[in-house]
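# Chains, contacts and geometry: an overview
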Amino acid sequence: MEKAMYSAHGVGYEDYRRHHTVRMRVEKRRKKDYINCLRMVTDLDRLVHFNNRLKA
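Keep in mind that this is a model prediction, so the values were computed, not measured.

### Points about the overall build of the protein
A tally of helices and strands in the protein yields three helices and zero strands. Going residue by residue from the N terminus, the α and β elements of the protein occur as α-α-α. Whereas a compact globule of 56 residues would reach a radius of gyration of roughly 10 Å, the protein reaches 18 Å, over 25% beyond that. Each of the three principal axes of the protein carries a C-alpha extent, and together these read 55 × 20 × 10 Å. For the protein, the residues scored as buried account for 12% of the 56 residues in total. Considering the protein, the positive charge centre built from 14 side chains and the negative charge centre built from 7 side chains are found 4 Å apart.

### Some words on the nonpolar core
When a protein is soluble and globular, its nonpolar side chains tend to lie buried together. Core analysis: the biggest nonpolar cluster contains five residues, these being Met 5, Val 11, Tyr 16, Val 22 and Val 26. When near neighbours in sequence (up to four residues on either side) are disregarded, Val 26 contacts His 9, Val 11 and Tyr 16.

### Some remarks on the pattern of salt bridges
Within this structure, the stated rule accounts for four salt bridges. The shortest N-O distance in the salt bridge between Arg 18 and Glu 14 comes to 3.4 Å. Taken as a pair, Arg 18 and Glu 14 lie in helix H2 (residues 13–18) at a separation of four residues, close to a single helical turn. Judged by its relative accessible area of 60%, Arg 18 is exposed. Under the relative-accessibility criterion, Glu 14 is labelled partly exposed at 36%. One salt bridge connects Arg 46 with Asp 43, and the closest N-O pair in it is separated by 3.1 Å. With a gap of three residues between them, Arg 46 and Asp 43 both fall in helix H3 (residues 20–55), about one helical turn apart.

### What to know about a nonpolar patch on the surface
Judged by side-chain polarity, Tyr 34, Ile 35 and Leu 38 come together as a nonpolar surface patch covering roughly 290 Å² of accessible area. With respect to the helices and strands, Ile 35 occurs in helix H3.

### Remarks on the confidence of the model for the protein
Detail in the predicted coordinates should be disregarded across regions flagged by low pLDDT. Per-residue confidence for the protein averages 90 on the pLDDT scale, and 95% of its residues sit at or above 70. When mean pLDDT is compared element by element in the protein, H2 scores highest at 94, while helix H1 (residues 2–9) scores lowest at 85.

Thresholds, definitions, all that
Residues numbered from 1 in each chain as written. Predicted model: local features only at pLDDT ≥ 70, side-chain atom pairs only at ≥ 80, totals over all residues. Heavy atoms only, no water. Helix = DSSP H or I, 4+ residues; strand = E, 2+ residues; numbered from the N terminus. Rg over C-alpha atoms; globule rule 2.2 N^0.38 Å. Buried < 20%, exposed > 50% of the residue type's maximum accessible area, 1.4 Å probe, protein only. Lys, Arg positive; Asp, Glu negative; His and termini not counted. Charge placed at Lys NZ, Arg CZ, Asp CG, Glu CD. Core = buried A, V, L, I, M, F, W, Y, C linked by side-chain atoms within 4.5 Å. Contact = heavy atoms within 4.5 Å. Salt bridge = Lys/Arg side-chain N within 4 Å of Asp/Glu carboxyl O. Patch = residues over 30% accessible without salt bridge, like charges linked within 9 Å, V, L, I, M, F, W, Y side chains within 5 Å. Areas by Shrake-Rupley, 256 points an atom, 1.4 Å probe, with all protein chains shown as cover. pLDDT = per-residue confidence, 0-100.

Structure representation (structure tokens):
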């Protein structure tokens, strides 16, 4: 888990666990990534439905 945390967020799990500011920075980035992924999925879904409507 340590390697995954460090490679994904640039901090080790111990720093994440012990330091509130580090934890908040990581969680803010995770939330931002999550929202961006939701937007991408929504955009792709919209494109798929639009293209299917054109073919019919």
